[in-house]
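Understanding the architecture of this molecule
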Amino acid sequence: MSGLDTLIEGRYPLALRLHVPAGATRLLVLLHGVGGNEGNLAALAEQTPDDMAVALVRGPLAIGPGQFAWFRVSFTAQGPRIVPEEAERSRQLLIETIDALRTELQLPGSATTVAGFSQGGIMSASVALTSPATVSAFAILAGRMLPEIEPLIAPHAALRSTRAFVGHGRFDQKLPVAWAERSREWLARLQVAHEVKLYPTEHVLGTEMAGDFLRWLG
């Protein structure tokens, strides 16, 4: 895909790689996991529909050579513990970045999807559920939903057109499959249309999960 080999810095609030096909009518924003970078989901981007612009966005926190994150997290016996201020800052930067992309491409939020792996999926849910005017669909791929965003979630009426995809490995030891069930329950309470798929995998974005995501994407 042309454009995905070039990192764009300074043009948007967050650094990213961007592919815009001629006559693009939709936008997909893909977010990597903690310790990864924007190139991690390039293979997934290559499989997207021909009418879809794709942005691979880099997390704002550098945690090592070629390694980035959306927020710092530690895994404890009581579950993941995050730095909430960093997660909130990344949520705001993502909304600003996606809105800037939509303005440039002249695409509405109703034609925009955000999706990500692990921590990228966490941020996808955080953006979509708090700013439904920015995106209308989101996917959590081996991730979870942050309880910390609950006070910021948009009213039910504003989420009426939002839809979600949740994919998770049954044998995920980093984020146990119970997180997918919690997402299912939370989305049901929010009355957000959703699809949940479980796979015989660990903490990975496997071929079957990727295929189901692309089918859901349409």
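For the structure itself, look to the data block above.
A brief report on the enclosed structure follows. (Residues numbered from 1 in each chain as written. Predicted model: local features only at pLDDT ≥ 70, side-chain atom pairs only at ≥ 80, totals over all residues. Heavy atoms only, no water.)

Comments concerning the sheet that holds strand 3 (residues 52–57)
Spatial strand order, 1-3-2-8-9-10-11: seven strands in an open sheet with mixed pairing. In this open sheet, the two strands that pair with only one neighbour each are strand 1 (16–19) and strand 11 (193–199). Neighbour-to-neighbour, the strand axes of the sheet open up by a mean angle of 15°, direction not taken into account. Across five bridges, strand 8 (residues 112–117) lies against strand 9 (residues 137–141) in parallel orientation. In the strand pairing of strand 9, valine 114 is matched with phenylalanine 138. Contacts from helix 2 (residues 84–105) reach strand 1, strand 2 (26–31), strand 3 and strand 8 within the one sheet, and its direction differs from that of strand 2 by about 155°. (Pairing = 2+ DSSP bridges. Helix = DSSP H or I, 4+ residues; strand = E, 2+ residues; numbered from the N terminus. Axes fitted to C-alpha atoms, helices over the stretch in contact; angles between N-to-C directions. Contact = heavy atoms within 4.5 Å.)

Comments concerning the pattern of salt bridges
According to the stated counting rule, one finds ten salt bridges in the structure shown. Notably, a salt bridge pairs glutamate 86 with arginine 72, separated by 2.4 Å at the nearest N-O pair. Residue glutamate 86 is found in helix 2, and its partner arginine 72 is found in the loop between strand 5 (67–69) and strand 6 (73–76); the two are separated by 14 residues along the sequence. Here glutamate 195 and arginine 215 are joined by a salt bridge, their closest N and O atoms 2.6 Å apart. Residue glutamate 195 is found in strand 11, and its partner arginine 215 is found in helix 5 (residues 207–217); the two are separated by 20 residues along the sequence. A relative accessible area of 45% means that arginine 215 is categorised as partly exposed. Look at the salt bridges and you will find they share partners, linking Arg17, Glu38 and Arg58 into a network. (Salt bridge = Lys/Arg side-chain N within 4 Å of Asp/Glu carboxyl O. Buried < 20%, exposed > 50% of the residue type's maximum accessible area, 1.4 Å probe, protein only.)

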